[in-house]
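Close look at the chain arrangement
Take a look at the letters that make up each chain.
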Amino acid sequence: MKPGTPPRRGPLGRLADFLDDRTGWRGLVHEALFERVPGGARWRYVWGSTLVFAFMTQVITGLFLWASYAPSAQTAWESVYYIQHEMTGGWLLRGIHHFMAQAMVVLLALHLLQVVIDGAYKAPREVNFWLGLVLMILVLGMALTGYLLPWDQKGYWATIVATNLAGIVPVVGPSLQQVIVGGSEYGHHTLTRFFALHAGFLPATLVLFLVVHLALFRKHGLHAKQPITRPDAMFWPDQVLKDAVAMLAVMAVVLGVILVPAVRTMLAGGAVDWGHVGAELGAPADPAESYAAARPEWYFLFLFQFLKVFEGWGATGEFLGAIVVPGLIMGVMFLMPIIGNWRLGHRFNVAFTLAILAGAGLLTALALNEDYCSLWIDKTTLADAEKLHNETGGDEQKIAAALGNDPAKIAAMRKQLAKLEAWRNSHAFLAASSRAKVEAERAVELAGRPERIPPTGALDLVRRDPLLRGPKLFGLLDGKDCASCHAHVDPAAADAAGKFAVASAANLHGFGTAAWVRGLFDPARVAGPEYFGNTAHKDGDMVAYVRDEMTDREKWKPDEIEAVTMALAAEAGLPDPSATAAQLERGRALIAAGDRCGACHEFGGNGTGLGAAPDLTGWAGRDWLVGIIADPTHERFYGDSNDRMPAFQKAMPREQIEILADWLRGDWYRAADARGAAAE
Amino acid sequence: MARPSSDRPAPDADPRRGFLAKLAAIACGGLATLTPLAAGLWAFLDPLGRRSAAARFVPVAELAAIPADGLPRRFPVVTDRKDAWTGYAAEPVGAVWLRRETGSDVVQALSATCPHAGCSVEMAAGGTCFRCPCHNSEFTFGGGIVAPSPSPRPMDALDCRVDKDGGVAVQWQVFLAGIADKVAKR
């Protein structure tokens, strides 16, 4: 028994004595706790302890996440979705892991700053300083590898950039990249490798370095802040208390970041969807779908922005920006203990560290400004610049001429034009970000279907979703494909008239619904740009029939037209809720009748035959739409009188045509409907 | 500059001070560390709140495919299966032994899952009884235990119905293995 330890007689005391005789644990605990803190406990000494705490938190939460995570291209996103949205408390577990990783980067910066400012890197602590720098690189490596693991769009595209940068290292770069990525394509082995790095190699290495770091810290004792004005204190409990309070504060901040939005929703009286609390989960990674909102995590934004400084330098610039300069900075930091021996060395080290941190802060601010400036730049002040830009197409000479070659005006306009470009870039980024949010939400909605995710993975689900894929196939975002001729805009929308005017084919918004058919039967609209106005059918038989025959109240009574309208919508499978059975029957009879629609149109075997006009059997239904998109020149549709519409069966796989048809018909999964059906 | 030194300061002679400080240090450190642990356990215990798919009738065979000769035939049970986030359509999830007596239209259905430890019960080599290849539990064609047997209960009978078109459906269910009572898994 150690001197100073009071003799114990209880059973616990005897057990403690028994163990102490065989392990010497009392001595170890004593050594761990009773360390002299010269000048007393201080808050500035807590940063190292908070880092150890943050790492422990990551180990604990990481192991539990590991118990539910499945690294492969078909299961990574899916298992993270399951953790986040379906497992009890999964959102909290993942939230703590996600935000503690960010807290760790902040704590690293603070610890480094404190060590440099206090001169704690100087002899005899040089080796420990170097170990600390290695630990910093390991933590950043874990942050980088962890970002990919959910296999969502942002992690995927950020990792492509990061690994491509690794590829520009001279000589070994391409091989290095191939080894990290696990091949030349990103997939299963990228995930298994990143996961092994993130949860195995890197933390194991970190633990080794951390043990030596802490052992050396104990060997040298705490580096006291000079001058010492207060009496010494003990590590336990004085400094431990401060450390523990700091740890709790770090955890409170992390919990706050996770919970404050949810608490706000609750206070506003809303229901909290816990799956959406905490860390974000983007849409599943899609190599075919570029991601304009791709950004690294905020603590790497400065590097991202720094690379822009070398824009226009090509591969050399990237090499300088991504490897040489950061390498030189790390080199200087490793040399700090030696630099510190010179007369002004310490001051240089402090200034250098502050400059690097300030520079990183400035670059981060610049990056954020570039992305978000359209939120605070008043675009109305740029109206002149925008007008000039649109008129001249940005041509320098034309701009100069328009401003009367006045150098002062040209310089002022250049500034305005630069501001306009910044606004546009930011606007595009924000649009891409909000689109990414919508897609992420939708992916989660689809993953929550009662049928669950197919074994082919959530990406398959997203790609087959009419709501997400339809507008892209239609060309709604870029005005290509279908949208290069057809409008797809609600006639009630403010900009509808302008969009109809530039379209050269019918508006397909609400195609097949009663509202759409009513417009077709409106003599004032049928020959307008919304329907046949900009097509070869403008002077065709249908337009003439609607204008001449259907306006003849002797021949077509309004309730007959309405019955036909309802029957056509029902044929499309988009029945109007107000339609009655009698009305539909009457409508069908009118469509089939040889002296009405049936004069030209085939309908359900009415004997008219195909060729004269489109078949109205199953009109605008899924099969009908797939058929006309595949080949409008088929005799079931427009035959020889087809006006410019290409047969998409040559350009588009059948599956995509089906997705288009479903999208046009508004036929996609809705979670609210599924919940309603389940309730019934 | 002072010579580099790595001497450790001497430990304090009197460590007994600041009881409140100690208590507060333990409370703060404990609370901070328990938070991630609690979050982890909360998620780790998620399976306790989950239930297996509800028992439902699954079509397994046509009546004509089960000769009325008293000999059992084995049929796979193919149905939709959900595994955490993945949904499989029409997957084999198990097997049943179906049998009908000579001249009878009544079908007896036994789960092929051994009630002892969950292996798959097979026809014994001689073709006169069932036998589990794992621990040699033997059962009669009616599912009864052939003593001595490691199995604590007879084979699990499943509800079975024959529709008017001759389709045979069984109510597919999995029961807890190793106990004397037939208790469906939660």
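Residues numbered from 1 in each chain as written. Chains lettered and ligands numbered in written order. Predicted model: local features only at pLDDT ≥ 70, side-chain atom pairs only at ≥ 80, totals over all residues.

**Some words on the overall build of chain B**
Counting its secondary structure elements, chain B contains one helix and ten strands. From first element to last, N terminus to C terminus, chain B shows the α and β order α-β-β-β-β-β-β-β-β-β-β. The C-alpha radius of gyration of chain B comes to 30 Å, more than 25% above the 16 Å expected for a compact globule of 186 residues. The principal-axis extent of the C-alpha atoms belonging to chain B is close to 105 × 40 × 35 Å. (Helix = DSSP H or I, 4+ residues; strand = E, 2+ residues; numbered from the N terminus. Rg over C-alpha atoms; globule rule 2.2 N^0.38 Å.)

**With respect to the overall build of chain A**
Broken down by element type, chain A carries 26 helices and two strands. What you see for chain A is a C-alpha radius of gyration of 35 Å, clearly larger than the 26 Å of a compact globule of 680 residues, by over 25%. Seen through its C-alpha atoms, chain A measures out along the principal axes to roughly 115 × 80 × 50 Å. Within the span of chain A, comprising 680 residues, buried residues form 34% of the whole. Long-range pairs, those at least 24 residues apart, make up 65% of the contacts in chain A between residues at least 6 apart in sequence. (Buried ≥ 20, exposed ≤ 12 C-beta atoms within 10 Å, placed from the backbone. Contact = placed C-beta atoms within 7 Å.)

**Here's the deal with unusual backbone geometry**
Note the cis peptide between A:Ala123 and A:Pro124, where omega equals 5°. Here A:Pro124 lies in the loop between helix H5 (90–117) and helix H6 (126–148). Residue B:Ala147 is joined to B:Pro148 through a cis peptide bond whose omega torsion reads -5°. Positive phi outside glycine occurs at A:Arg452, with the angle close to 65°. Along the chain, A:Arg452 turns up in the loop between helix H16 (407–447) and helix H17 (458–463). A positive phi angle, near 50°, is found at B:Ala84, a position not held by glycine. One can find B:Ala84 in the loop between strand S2 (73–83) and strand S3 (86–99).

**Description of the domain arrangement of chain A**
By convention, interface size is frequently given as the accessible area that disappears when the constituent parts associate. For chain A, the assigned domains are domain 1 (1–32), domain 2 (41–290), domain 3 (302–365), domain 4 (377–441) and domain 5 (469–679). Measuring from the centre of the C-alpha atoms in domain 2 of chain A to the corresponding centre in domain 4 of chain A gives 40 Å. (Domains from an automatic or database assignment.)

**Things to note about the environment of B:Leu176**
Residue and element names in this part refer to chain B. Note on placement: Leu176 falls in the segment after strand S10 (167–172). Of the residues examined, Leu176 has 13 C-beta atoms within 10 Å and is grouped as partly exposed. Taking the C-alpha atoms as reference points, Leu176 and Ala117, 59 residues apart in sequence, are found 8.9 Å from one another. Each residue touching Leu176, except ones within four places of it in the same chain, is listed here: Val183 and Lys185.

**Describing the domain arrangement of chain B**
On domain assignment, one finds that chain B holds domain 1 (17–50) and domain 2 (56–172). Taking only C-alpha atoms into account, the centre of domain 1 of chain B sits 49 Å from that of domain 2 of chain B.

**Some words on the sheet that holds strand S9 (residues 160–162) of chain B**
Residue and element names in this part refer to chain B. Reading across the sheet, the three strands line up as S1-S10-S9 and stay open at both edges, with antiparallel pairing between neighbours. In this open sheet, the two edge strands, each paired with only one partner strand, are strand S1 (56–62) and S9. The sheet shows a mean angle of 30° between the axes of neighbouring strands, direction not considered. With three bridges connecting them, S9 and S10 associate as antiparallel partners. By the bridge assignment for S10, Arg161 is matched with Ala169. (Pairing = 2+ DSSP bridges. Axes fitted to C-alpha atoms, helices over the stretch in contact; angles between N-to-C directions.)

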